[in-house]
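So the chains spell out like this:
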Amino acid sequence: MLKDTNTFSSFSVDNIDKAREFYGKALGLEVKDDTMGLLSLNLKGGNTIMIYPKPDHTPATFTILNFPVDNIEEAVDELASHGVRFLQYDGEIKTDEKGISRGEGPNIAWFNDPAGNILSVLEL
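About the cut-offs
Residues numbered from 1 in each chain as written. Predicted model: local features only at pLDDT ≥ 70, side-chain atom pairs only at ≥ 80, totals over all residues. Heavy atoms only, no water. 1 Å grid on protein atoms, 1.4 Å probe; cavity = no way out; pocket = protein on both sides within 12 Å on 5 of 7 lines; lining within 4 Å. Points joined across faces, edges and corners; volume = space filled by probe spheres on them. Helix = DSSP H or I, 4+ residues; strand = E, 2+ residues; numbered from the N terminus. Nonpolar A, V, L, I, M, F, W, Y, C, P; charged D, E, K, R; others polar. Core = buried A, V, L, I, M, F, W, Y, C linked by side-chain atoms within 4.5 Å. Buried < 20%, exposed > 50% of the residue type's maximum accessible area, 1.4 Å probe, protein only. Contact = heavy atoms within 4.5 Å. Salt bridge = Lys/Arg side-chain N within 4 Å of Asp/Glu carboxyl O.

Visitor: Please explain the layout of surface pockets as it appears in this structure.
Guide: Once rolled over the atoms, a probe with the size of a water molecule shows which space is left empty. Considering only enclosed or pocket space, the largest pocket measures out at about 220 Å³ in volume. The wall of the largest pocket is formed by 13 residues, among which Leu27, Phe67, Val69, Leu79 and Val121 lie closest to the centre. Going through the elements one at a time, strand 5 (63-69) and helix 2 (72-81) are the ones with two or more residues in the lining of the largest pocket. Here the residues of the lining of the largest pocket are counted per class, giving 10 nonpolar, two polar and one charged.

Visitor: I would appreciate a short explanation of the nonpolar core in the present structure.
Guide: Nonpolar side chains in soluble globular proteins tend to be buried together. Grouped together as the largest cluster of nonpolar side chains are 29 residues, with contacts concentrated most on Tyr23, Leu27, Ile51, Leu65, Phe111 and Val121. Going through the elements one at a time, strand 1 (9-13), helix 1 (16-26), strand 3 (39-42), strand 4 (48-53), strand 5, helix 2, strand 7 (108-112) and strand 8 (118-123) are the ones with two or more residues in this core. Looking at this core, the element that brings in the most residues is helix 1, giving five residues. Contacts of Ile51, omitting those with residues within four sequence positions, involve Phe11, Val13, Ile16, Ala19, Tyr23, Leu38, Leu39 and Leu41. Grouped together as the second largest cluster of nonpolar side chains are five residues, Leu87, Trp110, Ile118 and Leu122 included.

Visitor: It is not clear to me how the pattern of salt bridges should be interpreted in this structure. Could you clarify?
Guide: A side chain of one charge can pair with a side chain of the opposite charge when the charged atoms of the two come close. Tallying each qualifying case throughout the model produces eight salt bridges. Several salt bridges share partner residues, and in doing so they unite Glu73, Asp77, Asp96, Lys98 and Arg102 into one network.

In short, the description is geometric, and any link to function would need to be established separately.
This is the structure:
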């Protein structure tokens, strides 16, 4: 029954206007406004992610979106030039001065959206 449905993912934000700006301009994704005040991210391969406003939003404590990239150095530099700030970790997971974790699995760098949700770019 469910194998034939069009599945999609969704997550909340506390400010839909800031989300539209961030996902559209800083990340360069195709963002569409829905008639019900929702946003849709239209991603490669026909994947769609819905973003919805939630007044009592609590940021996810886990990575909600992973963006595979060919070259993490270039991706981090490009995103940083658009104002994206990468998270720094110095515990079990360590990141370098750019915010890239290297050598423990794929090279990966985490950052937050304006609502505090965690996203990443990872080199595959």
